[in-house]
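Residue strings, one per chain:
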Amino acid sequence: MLEPPATSRPPAPLSAQRLGEELRASLAYVRDTIEITRGERDLLDAWILTAALDANMAPVTRDPALMEAYGRAAESTPDDLRRPVSVNAVAQSLRLPFETVRRRVLRLAREGQCVVGPHGVVVPNSAVTTDLYLTEMRARQARARRFHQDLKAIGALPAELAPAPTSGDEPPLRAMNWALSEYVLRACNDLIALTDNLVASRVLLELVVSNIETLPAEELPDWAADPSGVGRTARTAALARSLRVPAETVRRHLNGLEAQGYGLRRADGWVATAPADAAPALLAMAQANRANLKRLFARLRALGALAAWETVPA
């Protein structure tokens, strides 16, 4: 019998491969949902509005009766039930300078995208009942459905998340979007905590997805062990096109990521990497993501989304 070449590796344990596939699917989903939500807006404007709206909706998303009343596409929560959020709270949640957020909020208010009152900022009913916003909600729902299919295909969803019996009614679109927004914001907050800079974290997310999106599944454990050696390189211009920001902005943040140990410039492009002391934080992020996924799909199951996705053709 022939001996295997000295350079060959035994097959990666299924659990390691599955974790890599789960991570790849999650990062791609978060990246795509950010872009759907952003639409044609400026990157920071979209983040500020999303963070403010998420805070405004807290009284509704924590009250089953209000969720039932205002969770469907035909209804949207009245302005008097939306909890105002301070500019400082938005700035702190996004790790942005207070003055940057204040200046942008005032401009967004002049454009009618939010309202600034004595108690804080509110994204009003009128901003989330447009045809464009309805289209964005449906696009986020469609991307979440594909995410669910991706996770099912790799066996990443526990058995208890099998679709629940449903009445046959259309799942409440707004309530589904609130659940999706909570998951994405949690993931983004973890990413922002790594670099302490919102835009740098968005660049890092794009870089990681670019490095791993075409890797064979069996190579993902190798990438986790050696991201700079296994990841597929990405060029600055390609990242700038994906991010829809100037190439010089991307280049500046890539240089900053390299200084922090999260990026490496190779002759043929950039790869994401990680400093040794970041290992505990990255492991905690992976564990938190697994818990957040279970929480997300449990909520979607309760809303009837999973059953609808199983019974209606894609």
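Residues numbered from 1 in each chain as written. Predicted model: local features only at pLDDT ≥ 70, side-chain atom pairs only at ≥ 80, totals over all residues. Heavy atoms only, no water.

Q: Whenever I open this one, empty space enclosed by the protein confuses me. Can you help?
A: If you roll a probe as big as a water molecule over the atoms, it shows you where there is empty space left. In this structure the tally under the stated criterion is 4 cavities of 30 Å³ or more. Size it by volume and the largest cavity reaches roughly 80 Å³. Contributing to the lining of the largest cavity are Leu 53, Met 57, Ser 76, Arg 82, Val 128, Tyr 133, Met 137, Arg 174, Asn 177 and Trp 178. Elements supplying a minimum of two residues to the lining of the largest cavity: α7 (131-153) and α8 (173-195). (1 Å grid on protein atoms, 1.4 Å probe; cavity = no way out; pocket = protein on both sides within 12 Å on 5 of 7 lines; lining within 4 Å. Points joined across faces, edges and corners; volume = space filled by probe spheres on them. Helix = DSSP H or I, 4+ residues; strand = E, 2+ residues; numbered from the N terminus.)

Q: What's the story with the packing of α8 against helix α14 (residues 279-302) in this structure? I'm lost.
A: Between α8 and α14, the shortest axis-to-axis distance is 10 Å and the interhelical angle comes to 175 degrees. With respect to each other, α8 and α14 are oriented roughly antiparallel. Counting all contacts with α8, which are made through Met 176, Ala 179, Leu 180, Glu 182, Tyr 183, Arg 186, Asp 190, Leu 191 and Leu 194, the residues of α14 involved are Ala 281, Leu 282, Met 285, Ala 288, Asn 289, Asn 292, Leu 293, Arg 295, Leu 296, Arg 299 and Leu 300. In terms of residue class, the contact of α8 with α14 is made up of 13 nonpolar, 2 polar and 5 charged. (Axes fitted to C-alpha atoms, helices over the stretch in contact; angles between N-to-C directions. Parallel < 35°, antiparallel > 145°, perpendicular 65-115°, else oblique. Contact = heavy atoms within 4.5 Å. Nonpolar A, V, L, I, M, F, W, Y, C, P; charged D, E, K, R; others polar.)

Q: What is the right way to look at the packing of aromatic side chains in this model?
A: Aromatic rings in a pair are described by how distant their centres are and how their planes are angled relative to each other. Applying the stated rule across the entire model yields 4 aromatic pairs. Both rings, one in Tyr 29 and one in Phe 147, keep their centres 4.4 Å apart while their planes meet at 5 degrees; by these two values the pair is stacked. You can see Tyr 29 sitting in helix α1 (residues 14-38) and its partner Phe 147 sitting in helix α7, a full 118 residues away along the chain. For Phe 147, a relative accessible area of 0% gives the class buried. Cluster of aromatic residues (ring-pair linked, three or more members): Tyr 29, Phe 147, Tyr 183 and Phe 297. Its guanidinium or amino end placed over the ring of Tyr 133, Arg 140 lies 5.5 Å from that ring's centre, counting from NZ or CZ. (Phe/Tyr/Trp six-rings, centres within 6.5 Å; stacked < 30°, edge-to-face > 60°. Buried < 20%, exposed > 50% of the residue type's maximum accessible area, 1.4 Å probe, protein only. Lys NZ or Arg CZ within 6 Å of the ring centre and 35° of its normal.)

Q: How do you make sense of the nonpolar core when you look at a structure like this?
A: Across soluble globular proteins, you tend to see nonpolar side chains buried next to one another. In terms of nonpolar packing, the biggest core is built from 86 residues, with Val 30, Leu 151, Phe 297 and Leu 300 touching the most fellow members. Top contributing element to this core by residue count: α8, with 14 residues. Sequence-distant contacts of Leu 151, defined by excluding residues within four places in its chain, comprise Glu 22, Ala 25, Ala 156, Leu 157, Leu 293 and Phe 297. (Core = buried A, V, L, I, M, F, W, Y, C linked by side-chain atoms within 4.5 Å.)

Q: When you look at unusual backbone geometry in this model, what are you seeing that I'm missing?
A: Glycine aside, negative phi is the norm for most residues, and most peptide bonds take the trans geometry. One non-glycine residue with positive phi stands out, namely Arg 95, at about 55 degrees. Residue placement: Arg 95 occurs in the loop between α5 (87-94) and α6 (98-110).

Q: Looking at this model, I keep getting lost on the confidence of the model for the chain. Mind explaining?
A: Mean pLDDT over the chain: 90, with 91% of residues reaching 70 or higher. Overall, residues 1-8 carries pLDDT values under 50, and its contacts beyond four positions in sequence, including any with other chains, amount to 0 contacts. (pLDDT = per-residue confidence, 0-100.)

Q: Help me understand the layout of surface pockets, please; the structure alone is not making it clear to me.
A: Roughly 1,100 Å³ of internal volume is contained in the largest pocket. As for the largest pocket, its lining consists of 44 residues, and the residues nearest its centre are Thr 50, Leu 53, Asp 54, Ser 181 and Leu 185. Counting residues per element, the ones that place at least two in the lining of the largest pocket are α1, α2 (43-56), α3 (58-61), α5, α7, α8 and α14. Sorting elements by how many residues they give to the lining of the largest pocket places α8 first, with 9 residues. Tallied by class, the residues present in the lining of the largest pocket amount to 22 nonpolar, 11 polar and 11 charged. Roughly 810 Å³ of volume is contained in the second largest pocket. As for the second largest pocket, its lining consists of 32 residues, and the residues nearest its centre are Leu 23, Leu 27, Trp 223, Leu 282 and Ala 286.

Q: Is there a simple way to explain the pattern of salt bridges in this structure?
A: Inspection of every chain in the model, using the stated rule, returns 25 salt bridges. For Asp 32, the salt bridge identified is with Arg 143, shortest N-O distance 2.8 Å. Here Asp 32 is found in helix α1, whereas its partner Arg 143 is found in helix α7, with 111 residues between them in sequence. Take Asp 32: its relative accessible area is 18%, and that puts it in the buried class. Judged by relative accessible area, Arg 143 falls into the buried class, the value being 6%. Two residues, Arg 104 and Asp 42, come together in a salt bridge whose shortest N-O distance is 2.7 Å. Of this pair, Arg 104 sits in helix α6 while Asp 42 sits in the loop between α1 and α2, placing them 62 residues apart in sequence. (Salt bridge = Lys/Arg side-chain N within 4 Å of Asp/Glu carboxyl O.)

Q: Even after reading the chapter, I still don't get the pairing of strand β4 (residues 269-272), so can you show me in this structure?
A: Strand residues, when the strand is regular, have side chains that alternate between the two faces of the sheet. Relative to β4, strand β3 (residues 263-266) runs antiparallel, the two sharing 4 bridges. When the sheet's bridge partners are listed, Arg 266 is paired in β4 with Gly 269. Counted along the chain from β3 to the antiparallel partner β4, the turn is 2 residues long. (Pairing = 2+ DSSP bridges.)

Q: What should I look at first to understand the side chain of Glu 136 in this one?
A: Tracing the backbone through its elements, the reader meets Glu 136 in helix α7. On the basis of relative accessibility, which here comes to 7%, the residue Glu 136 falls in the buried class. With sequence-adjacent residues up to four places away left out, Glu 136 is seen in contact with Ile 36, Thr 37 and Arg 41.

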